Amino acid sequence: MSLVSAFVLLFFVMDAFGNIPLFLSALAPVSAARRRFVVARELLIALGVLVLFLFAGPALLRGLGISEASLSIAGGIILFLIALRMIFPQQHGTMAEEPVGVEPFVVPLAIPFVAGPSAMASVMLLVSREPDRWPEWLAALVLAWAATAAILLLAPRLARVLGTRGLVAIERLMGMVLTALAVEMVVRGVGAGA
């Protein structure tokens, strides 16, 4: 996998455009003056978690006895489920269980919206396949995070410009690409395990 393909994978997994409505909904009770601060804080927490999984993930996998093939198949299945949700969104919002009037902290913005299970599995898979290329994987992660951060910091403006239909169309398109990436991960995992 190249640096560019790793960047694309991580950017799609972080699903910046799909997260715009979720971020706006979660930030509704937060004062307008604090919103940018909260978003920046949550994005930095998400980056920290993903960098931690990038470096500590392979040791965790070895400790648990999980092979690269198993991680590839599991990561592909998780990506596929995320992609299906992007293509066929749920009728009920994910924020229904959140307390009203409380400023979000770590959950749900940092984890799982940005640093979700699929993003964590993806960074672990990248570094476990080719650990010597960790600087490239770190660069891909930071680039994908930076692109995601820019989109989420501009979320209110993008929501006005693109509208609901535009955001849905972009999310579904990204879901289709992510589906193909998920199937490729499963196929590679099955091939490596055979």
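What you see as residue numbers is a count from 1 along each chain, following the sequence as written. Under the rules for a predicted model, residues below a pLDDT of 70 receive no local features and side-chain atom pairs below 80 are neither given nor counted, while totals for whole chains, interfaces and linings still include all residues. Calculated side-chain values reflect all of the structure's heavy atoms, with hydrogen atoms and water omitted.

Asker: Before we move on, could you go through the layout of surface pockets and cite the residues and values that matter?
Answerer: Here a cavity is any set of points on a 1 Å grid over the protein atoms alone where a 1.4 Å probe fits but cannot get out, and a pocket is any open set with protein on both sides within 12 Å along at least 5 of 7 lines; a residue lines the site when it has an atom within 4 Å of a point. Grid points are joined across faces, edges and corners, and a volume is the space filled by probe spheres set on the points. Counted as a void, the second largest pocket has a volume near 230 Å³. Around the second largest pocket, the lining is made up of 14 residues, and of these L24, R35, R36, L153 and P156 lie nearest the centre. Numbered from the N terminus, helices here are DSSP runs of H or I no shorter than four residues, and strands are runs of E no shorter than two. Considering every element that reaches the lining of the second largest pocket, the biggest residue donor is helix α3 (residues 32–64), with four residues. In terms of residue class, the lining of the second largest pocket is made up of 11 nonpolar, no polar and three charged. Each residue is assigned to one class: nonpolar for Ala, Val, Leu, Ile, Met, Phe, Trp, Tyr, Cys and Pro, charged for Asp, Glu, Lys and Arg, and polar for all the others, Gly among them.

Asker: Any chance you could break down a nonpolar patch on the surface for me, citing the residues and the numbers?
Answerer: A patch is a set of surface residues, each over 30% in relative accessible area and not in a salt bridge, joined within 9 Å for like charges and within 5 Å for the nonpolar side chains Val, Leu, Ile, Met, Phe, Trp and Tyr. Residue exposure ignores everything except the shown protein chains as possible cover, and the areas themselves are Shrake-Rupley values with a 1.4 Å probe. Basic side-chain nitrogens of Lys or Arg form a salt bridge, by our definition, when they fall within 4 Å of a carboxyl oxygen of Asp or Glu. Residues I77, F80, L81, V183 and V187 make up a contiguous nonpolar surface patch of about 420 Å² in total accessible area. Residue contributions to the nonpolar patch peak at three residues, all from helix α4 (residues 68–87). Positionally, L81 belongs in helix α4. Here the term buried applies to any residue with accessible area under 20% of the maximum for its type, exposed to any over 50%, and partly exposed to those in between, with areas from a 1.4 Å probe on protein chains only. For L81, a relative accessible area of 47% corresponds to the partly exposed category.

Asker: Which residues make up the nonpolar core, and what values do they have?
Answerer: L10, F11, M14 and F23 are the most contacted members of the largest nonpolar core, which totals 53 residues. Of all elements in the fold, only α1 (3–14), α2 (16–26), α3, α4, α5 (109–114), α6 (117–129), α7 (134–153) and α8 (155–193) reach the threshold of two or more residues within this core. Residue contributions to this core peak at nine residues, all from α3. Residue contacts are defined here by distance: any two heavy atoms, one from each residue, within 4.5 Å place the two residues in contact. Non-local contacts of M14, meaning those with residues more than four positions away in its chain, are made with N19, L50, F113, V114, L141, A144, W145 and T148. Take the buried Ala, Val, Leu, Ile, Met, Phe, Trp, Tyr and Cys residues and link them wherever side-chain atoms come within 4.5 Å; each set so joined is a nonpolar core.

Asker: Could you give an account of α6, naming the residues involved and the relevant values?
Answerer: In an α-helix, one turn spans 3.6 residues; hence positions three or four apart end up facing the same way. Multiplying 1.5 Å by the residue count of a helix minus one yields the expected span of that helix. Across its 13 residues, α6 extends 18 Å between first and last C-alpha, which sits within 8% of the 18 Å expected from 1.5 Å per residue. Judged by how many residues are buried, α6 sits mostly within the fold: 10 of 13 residues are covered. Of all the residues in α6, the buried ones are S118, A119, M120, A121, S122, V123, M124, L125, L126 and V127. Close packing links the buried residues of α6 with α1, α3, α4, α5, α7 and α8.

Asker: Go over the side chain of T148, please, and point to the residues and values.
Answerer: Its location among the elements puts T148 in helix α7. The exposure class of T148 is buried, given its relative accessible area of 0%. When neighbours within four sequence positions are excluded, T148 is seen to be in contact with F11, M14 and A16.

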